[in-house]
Amino acid sequence: QGKRWPRNDAEWEAEFDRWKQFPEYQRLYKGSSIPFSMEDFKGIFFWEWFHRMMGRSIGVIYGVPLAYFWARGRIPRSLAPTLGGLLLAGGSQGLVGWWMVRSGLDSKQVEAIDGGIPTVSPYRLAAHLTCAFGIFSVLLHTSLGILQPRVAEAVALPSLRPLQQRVRGLALLVGVTAISGAFVAGRQAGFAFNTFPLMEGRLVPEGYMELRPLYRNFFESVPSVQLHHRALALTTLASVSGVWVWVQAMPLPPQLRLATDLLLLAAWGQVGLGVATLVNCVPVHLGSAHQAGALSLFSVVLFTLHSCRAPAQAGKLAARIGQRVAVA
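This report concerns the structure included in the present document. (Residues numbered from 1 in each chain as written. Predicted model: local features only at pLDDT ≥ 70, side-chain atom pairs only at ≥ 80, totals over all residues. Heavy atoms only, no water.)

### Details of the nonpolar core
Across soluble globular proteins, nonpolar side chains have a tendency to be buried as a group.
Part 1 of the argument: Formed by 34 residues in total, the largest nonpolar core has its most connected members in Leu 163, Leu 252 and Leu 263.
Part 2 of the argument: For this core, the secondary structure elements donating two or more residues are helix H6 (122-147), helix H7 (161-186), helix H8 (222-247), helix H9 (254-279) and helix H10 (284-307).
Part 3 of the argument: The leading source of residues in this core is H7, at nine residues.
Part 4 of the argument: Those residues in contact with Leu 163 that sit more than four places away from it in its chain are Val 243, Trp 246, Val 247, Leu 252, Leu 256 and Cys 308.
Part 5 of the argument: Formed by nine residues, the second largest nonpolar core is a distinct cluster that contains Trp 12, Trp 19, Phe 36 and Phe 41. (Core = buried A, V, L, I, M, F, W, Y, C linked by side-chain atoms within 4.5 Å. Buried < 20%, exposed > 50% of the residue type's maximum accessible area, 1.4 Å probe, protein only. Helix = DSSP H or I, 4+ residues; strand = E, 2+ residues; numbered from the N terminus. Contact = heavy atoms within 4.5 Å.)

### Some details on the pattern of salt bridges
Part 1 of the argument: As enumerated under the stated definition, the model contains five salt bridges in all.
Part 2 of the argument: Across the pair Arg 52 and Glu 48 runs a salt bridge, and its minimum N-O distance is 3.6 Å. Taken as a pair, Arg 52 and Glu 48 lie in helix H3 (residues 38-71) at a separation of four residues, close to a single helical turn.
Part 3 of the argument: On the basis of relative accessibility, which here comes to 26%, the residue Arg 52 falls in the partly exposed class.
Part 4 of the argument: Of the charged contacts, one joins Arg 216 and Glu 220 as a salt bridge, the two residues approaching to 3.0 Å between their closest N and O atoms.
Part 5 of the argument: The exposure class of Arg 216 is partly exposed, given its relative accessible area of 23%.
Part 6 of the argument: Salt bridges here are not isolated pairs; linked through shared partners, they connect Arg 4, Arg 7 and Glu 11. (Salt bridge = Lys/Arg side-chain N within 4 Å of Asp/Glu carboxyl O.)

### Observations concerning helix H4 (residues 80-103)
Part 1 of the argument: For H4, which comprises 24 residues, the first-to-last C-alpha distance of 35 Å matches the rise-based estimate of 34 Å (1.5 Å per residue) to within 8%.
Part 2 of the argument: What H4 keeps buried is the set Leu 83, Leu 86, Gln 93, Val 96, Gly 97, Met 100 and Ser 103. (Expected span 1.5 Å × (residues − 1).)

### Digging into unusual backbone geometry
For residues that are not glycine, phi is negative in most cases, and the peptide bond is trans in most cases.
Part 1 of the argument: For the bond from Phe 196 to Pro 197, the omega torsion is 5°, close enough to zero to count as cis.
Part 2 of the argument: The residue Pro 197 is located in the loop between H7 and H8 in this model.
Part 3 of the argument: In this model, Arg 212 is joined to Pro 213 through a cis peptide bond whose omega is -5°.
Part 4 of the argument: Its location among the elements puts Pro 213 in the loop between H7 and H8.
Part 5 of the argument: Phi at Glu 200 is positive, roughly 55°, even though this residue is not glycine.
Part 6 of the argument: Look at Glu 200 and you get partly exposed, because its relative accessible area is 48%.
Part 7 of the argument: In this structure, Val 282 is a non-glycine residue whose phi angle is positive, near 55°.
Part 8 of the argument: Relative to the elements of secondary structure, Val 282 occurs in the loop between H9 and H10.

### Comments concerning the packing of aromatic side chains
Part 1 of the argument: Within this structure, the stated rule accounts for 21 aromatic pairs.
Part 2 of the argument: A ring pair is formed by Phe 41 and Phe 45, whose centres lie 5.8 Å apart and whose planes are at 55°; its orientation type is tilted. Of this pair, Phe 41 and Phe 45 both sit in helix H3, four residues apart, roughly one helical turn. The two residues Phe 41 and Phe 45 agree in class, both being buried.
Part 3 of the argument: Ring centres 5.5 Å apart and planes at 50° place the aromatic pair Tyr 123 and Phe 219 in the tilted group. Of this pair, Tyr 123 sits in helix H6 while Phe 219 sits in the loop between H7 and H8, and the two are 96 residues apart along the sequence.
Part 4 of the argument: Of the aromatic side chains, those joined through ring pairs into one cluster are Trp 5, Trp 12, Phe 16, Trp 19, Tyr 25, Phe 36, Phe 41, Phe 45, Phe 46, Trp 47, Trp 49 and Phe 50.
Part 5 of the argument: The ring of Phe 16 carries Lys 20 above its face, with NZ or CZ at 4.4 Å from the centroid.
Part 6 of the argument: When the ring centre of Trp 246 is taken as origin, the NZ or CZ atom of Arg 166, which lies over that ring, is 4.2 Å away. (Phe/Tyr/Trp six-rings, centres within 6.5 Å; stacked < 30°, edge-to-face > 60°. Lys NZ or Arg CZ within 6 Å of the ring centre and 35° of its normal.)

Take a look at the structure:
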């Protein structure tokens, strides 16, 4: 809910008593020997409150200037649908987040989880993350297009088209890997099989693909989702490394050369963070860094894809030369 920060002890007690009715307290702390004090509650309250307030602040920071520039007629027609769509998507993301959180407050849904451990639905968590990645991707793509206008792909440099296709494939691979990480987080799979490269001494862990129907293993099975995430991450790393080696012999523009170098560094750094997070049983600081690393890696992929397109002025010149050659 959109509540303000509690102002006194009475309000804190009321919030604490209300939280005690939810499955997380009822299953993990009520009647157990695990202490959970008011200070502990204030810690989790802060992060929930801060996340929601940040989301609303982003809406204001984005929406107010957008309304101002729209009223002044300063938004180009070509950008208006994208910028308006981003505002709607941001609002919808708040609804998706509420829908996700609600799944962790429903006692019946919690009871359906193996062991009855209170968590949000991994499906809804993945949906929330996917929406966030989608909004960020459109924002970054639009911003790069404004700051560095590029030509349409139809008049792009033919020599760069093979690289464009490979980078598109990398973008898809990084995106799928990130989404698979949401299912790892949703099932708390990072707390199991905390060894690398093998999973408790095995290449294929015990319990792999044992759930029925079979599709559930890709989203709900702890050993399966972790193995799939590992496989996707290592495939991404190998693919990025292969593309980087392939472009070394190509005479790339300076910005594109920089982008491919950053892509290699980001991929290796993200895999290194993932391994460190796993073997240390997912401490909060490493888990947060790993999540931020996924977004950073995806950003570098989008920057690389943008850099594969020729600058607008160069593209116009190439198009004119092509027309003259065709007429001649």
